[in-house]
Every structure is written in structure tokens, then in C-alpha cells.
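# Notes for the structure review
Each chain is listed here by its residues.
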Amino acid sequence: LPDRPSGTPPPDPEPSAGTSGAGGAGAGKPVPAEADLERRRFFRQFAGDLFQAAATVVGTASMIQRSSAEAAQAILQPEEGAATLAGSTMLDERGAGAIAGGFRTPFRLLDDGILVLIDQRRLPDEIVDQPVRNASEAAWAIREMVVRGAPAIGQVAALGIARSARLARMTRPHARRAMLRGAANALIAARPTAVNLRWAVDRVMARYLEIGELSEDGEAIAAAVQQEAETIVHQATVDHGRLAEFGLEVLPVPEGRPLRLLTHCNTGPLACGQFGTALGIVQVAHHAERELHVWVDETRPYLQGARLTAWELAQAGVPHSLIADSAAGWLMARGEVDAILVGADRIAANGDTANKIGTYALAVLADRHGIPFYVCAPLSSVDLETPDGAGIQIEERSGEELLVIRGKRIAPAATGARNPAFDVTPAELITGIVTEEGVLRAPFGPALVAARAAAAERWAAAPAFGTRP
Ligand code: MRU
């Protein structure tokens, strides 16, 4: 397991108009259930309200939303009839709950605009809030894996910049420019492989540029950046719901026995903000009453499968078993895997896909055994500027993640380790890419371009999220 995190972000280098002290009350500490009124209020809200965005997500995905709410209600035993929406700046006419989500959503906004993340380093042992007050704290949280998963880190980065733009609205234009540019660079550098991060930062910074980098109107900049960040979250929510439903179509239907899926790393709401990608499909299938069982790769060395995917599946009531990563090939050889669903951190223009280390080995094994291998990812994970997998930067992480488990060294002191966090699966090993525009098949190059265009057209035709300033 990763080291027990010590957990507070670095001091705030930015103006902190109107914010509470560093780290906020209880930052990085477990919050006693009885004292955690804010969290209870938040879960009550989730349990009581279907969020508006779900209205645009048809069918099973919205059923998931409802039953997740029921699950949250049961788990947290909120008082009967407790209300409702106070507590988030997002929970208003601009699309209630697109950001607030609920129990399994890794972040939410408080009244004063502070972003609160669930510290994923602490799961599944405890649910701990980590306040994030500006972009540099967001970069810290992403770097330290408080939040992880490609779509989620993009959303948190966008919200972090929005927060900094708000804090800087009274700042002189040159200073604001330096601050926002610095924030954008720090966020993009926080994790190099997941392209969603750069994509989201570029989107909010483009809105800033649209107004003018040296504009005097700090309020307009803050409003525009905030609106773009909220739009990113809203669109991800809708798109992931669509993706989950498209994914249902590709699942094999075995005769007289449960469907056996295998997944790697964590691709649920913790990684995505809502629904999840590969795990979103699993949940849609479960809610559609398809009998299934999920083999969960533990995902050494960081154990996203054991710690996070198993936690999410347990909460969703989906039958699953943890397996050692190295057991996957044997289960395939025995005919115990019907399909493999994984996420993506970056899909190059030709379909080559970077995902959590171990994904490539699964794809090779799937090919050997004739098992369908699906990459499930939103189009924000597609990088059309990188022609193929050779151009994708692979994050190398500390060898300590391999050498030390729960604070105990498992290898001789003299032994070092190499720890690439991702690998690249060549397009030819991928059966299909499940996206919010449908399931793409080879040749992936033109399919990805067409899907991107279709998504842009769909969103251009949709009413703007919130009031565009
Ligand atoms: O290092 P992580 O935990 O951020 O890696 C996450 C993954 O590899 C996921 O599979 C990927 O981000 C897709 S999430 C839908």
C-alpha cells in the first residue's frame, strides 16, 4: 500500500480573500461521524435529490443515480425528510448537483467556494475530507494522489483554477496573469500521462484568454473561468452516463451463467467524478439485472483495484472478487473471463492507449485467448495531437511504492525498484473503444476524429450550462 499520507497541502501562495485558515477545519483528519454535520447535510442532499444533469442522461444511468442515493441514505442514516440543497454554490439553477454528486463522487463545493476532496489515499479505511482552496492546492492534491483518475483530475484542476481566478479578481492584471499562468503550468505538470488534465486546464485558460489576459475586469474573468469549470464537470457527468449505456451493448451474454468481467485499476466515480467509465458500464449492467461477476485486478503497486474498485463495487452491491494481477492470465486460460474492460489516461490519434501499468499485459493475454478487450474512456482522454503511443509520456513514480507496503519494507534494503505508472496498449490489441459517442472500432484514427466532431456538435446544440457571462 502507499505510505500513510501525512496530508496537508503546502501553504497558500495566493491571496486568500475571505477564506478560512490553511487547510480549513479538520483538514486531512478523519471527521467523527456525529460531528460531521456538513457531510451529513451533503449526503442528505444527495439522497433527496436527483441532479438535473441526470435528466439528460436517459435510462439506466439515471437509475443508478437514484439507487446510489438510496445507498448513501442507508449507509449514512440521514434524518427523515431532511432537506436539501444548501451547501454548494453548484446546487442552484445552473445544474444542481452536477458537481455535488454524492457518496461516491470524489469532490464537492462548499458555500464559500472551497472545494472538498475525499482523500483517496485513505480509502477504503476511512473517509477523510481534504479542502482545496486554490489552484496550487489542487496541483498538490493531484500530485499526491488525494484525487486520481484521468477525468477526475481534469475536473479538479479546472475547479482549482476557477478558485484561484476568484481569489485574484481584485488583483492587478499582470499579477493575475502570472498567477493563472503559473497555476495552469503547475497543474499540467502535476501528472504527465493523463491528457484530461491538460485538456481541462486548456479549456478554462481559453476562456480567460477570450476575455483578455490583461483585462482589468477580474470579476468577468473569474465568472467565465468558473462557468467553464462547471461546464466541464457537467459535460463529464452527462458523457460518462452516455458511455456507460453504450458499453452495455458490447457485453457478451453468456447462456445460463453470470457474465465474468475483468477490470484493472479504478475507473469508477472516484476516478471520473460521476458514474465512471469501465465501472460505469459494470454498474449499468448490474442495474439492468444482468447477472455478472467482476474479477478485480489488485493493480500493484498502488492497489487502486484492491482499495478503490473493490470498495466501489462493494457499495454498489456488484458481485466481485479480488485477484492478483498475475492471476489474470490463468483465469483467461481457464475460460473464466468473458470480456475485459479498462479505462484510459490517454488515447493517441491512432488508438494506442496509455492506461495503468499492467493493462498492456492484459491486452496481450486477451488476444492470446480470444477475449474481447475494451477501452472505455470519454473523448476528453483522446489526444489527437499525439500520433501514436510512442509519443505518450509515461509517468515514473517512486520505487518506494513497490518496496514498501503499509510502512513495511518488503525487499532487501539494497534493492531498488523501477516503477512506471502506465503502459501503452497498441491499437491492434483493442477490440473497441467505448465512448460517449458510441463504440468505436478499428481503424480508430478516423473513428476518433468523427467521434470528437459528433461530441462537439452535440454540445454546441445543447443549451449552455449556466449563464455564460
Ligand atoms: O494513477 P491513477 O490512479 O490516476 O491511474 C488511473 C488509471 O489508470 C485509470 O485506469 C484511468 O485514469 C482511467 S479512469 C477512468
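Residues numbered from 1 in each chain as written. Predicted model: local features only at pLDDT ≥ 70, side-chain atom pairs only at ≥ 80, totals over all residues. Heavy atoms only, no water.

## Topic: the environment of A206
Note the threshold: Helical segments are the DSSP runs of H or I of at least four residues, strand segments are the runs of E of at least two, and each set is numbered from the N terminus. Exposed residues in this analysis have more than 50% of their type's maximum accessible area, buried residues have under 20%, and partly exposed residues fall in between, with area computed by a 1.4 Å probe over protein chains only.
Checked against the element boundaries, A206 lands in helix α7 (residues 195–211). On the accessibility criterion, A206 (40% relative accessible area) is partly exposed. Measuring from C-alpha to C-alpha, the distance between A206 and V225 comes to 8.8 Å, with 19 residues separating the pair along the chain.

## Concerning the sheet that holds strand β14 (residues 422–425)
As a reminder, the rule being used: Two strands are said to pair when DSSP picks up at least two bridges between them.
A sheet is described by the order of its strands in space; here 4 strands give the open sequence β11-β8-β9-β14, paired in mixed fashion. Edge positions in the open sheet fall to β11 (382–383) and β14, since each of these has one partner strand only. Where strand β8 (residues 346–348) lies against β11, 2 bridges are found, and the strand directions are parallel. Counterpart to A348 in the pairing with β11 is D383.

## Thoughts on the packing of helix α4 (residues 135–143) against helix α5 (residues 150–167)
Filter applied, for reference: To obtain an axis, a line is fitted to C-alpha atoms, over the contacting stretch when the element is a helix, and the angle between two such axes runs from 0 to 180 degrees between their N-to-C directions. By definition in this entry, angles of less than 35 degrees are roughly parallel, angles greater than 145 are roughly antiparallel, angles of 65 to 115 are roughly perpendicular, and the rest are oblique. For any helix crossing, the convention is left-handed if the near helix is rotated counterclockwise from the far helix by under a right angle, and right-handed if that rotation is clockwise. Contacts are assigned to residue pairs that have any heavy atoms within 4.5 Å of one another. Throughout this entry, Asp, Glu, Lys and Arg are counted as charged residues, while Ala, Val, Leu, Ile, Met, Phe, Trp, Tyr, Cys and Pro are counted as nonpolar. The remaining residues, Gly among them, count as polar.
Contact geometry for α4 and α5: axes closest at 7 Å, N-to-C directions at 160 degrees. Here α4 lies roughly antiparallel to α5, going by the angle between them. In the crossing of α4 with α5, the sense of the turn from one axis to the other is right-handed. Between α4, through A135, A138 and I142, and α5, the contact on the second element is made entirely by I153, V156, A157, G160, I161 and S164. Of the residues contributing to the contact of α4 with α5, the split by class is 7 nonpolar, 2 polar and no charged.

## Overview of the sheet that holds strand β5 (residues 292–297)
Pairing within the open sheet is mixed, and its 7 strands lie in the order β6-β5-β4-β7-β10-β15-β16. Unpaired on one side and paired on the other, β6 (320–323) and β16 (438–440) mark the two borders of the sheet. Across the sheet, the axes of successive neighbouring strands diverge by a mean angle of 25 degrees, strand direction being ignored. As paired elements, strand β4 (residues 259–263) and β5 share 5 bridges and run parallel to each other. Looking across to β5, one finds that T263 is bridged to V296. Along the sheet face, helix α11 (residues 304–316) touches β4, β5 and β6 and points at about 160 degrees away from the line of β5.

## Quick word on the pairing of strand β2 (residues 115–118)
Neither face of β2 is exposed, since L115 and L117 on one face and V116 and I118 on the opposite face are all buried. Pairing geometry for strand β1 (residues 107–109) and β2, over 3 bridges, is antiparallel. Note that in β2 the partner of F107 across the bridge is L117.

## A word on α5
Counted only if it meets this: A helix is expected to reach a length of 1.5 Å times the quantity of its residues less one.
Under the 1.5 Å per step criterion, the end-to-end length of α5 is 26 Å for 18 residues, consistent within 8% with the ideal 26 Å. Extensive coverage of α5 is indicated by the burial of 17 of its 18 residues.

## Observations concerning the environment of V342
Mapping V342 onto the fold places it in strand β7 (residues 339–342). On the basis of relative accessibility, which here comes to 1%, the residue V342 falls in the buried class. In contact with V342, not counting residues within four places along its chain, are H264, T267, A278, N355, T359, L362, F373, Y374, V375 and C376.

## Here we look at unusual backbone geometry
A cis amide bond links L123 with the next residue in sequence, P124, at an omega value of 5 degrees. Position of P124 among the secondary structure elements: in the loop between β2 and β3 (129–132). Backbone torsion omega between R300 and P301 reads 5 degrees, so that peptide bond is classified as cis. Mapped onto the fold, P301 is located in the loop between β5 and α11. At C265, a position not held by glycine, the phi torsion is positive, near 60 degrees. Mapped onto the secondary structure, C265 falls in the loop between β4 and α9 (269–272). Look at C265 and you get buried, because its relative accessible area is 8%. Phi angles above zero are rare outside glycine, and R406 is one such case at about 45 degrees. By the secondary structure assignment, R406 is in the loop between β12 (404–405) and β13 (408–409).

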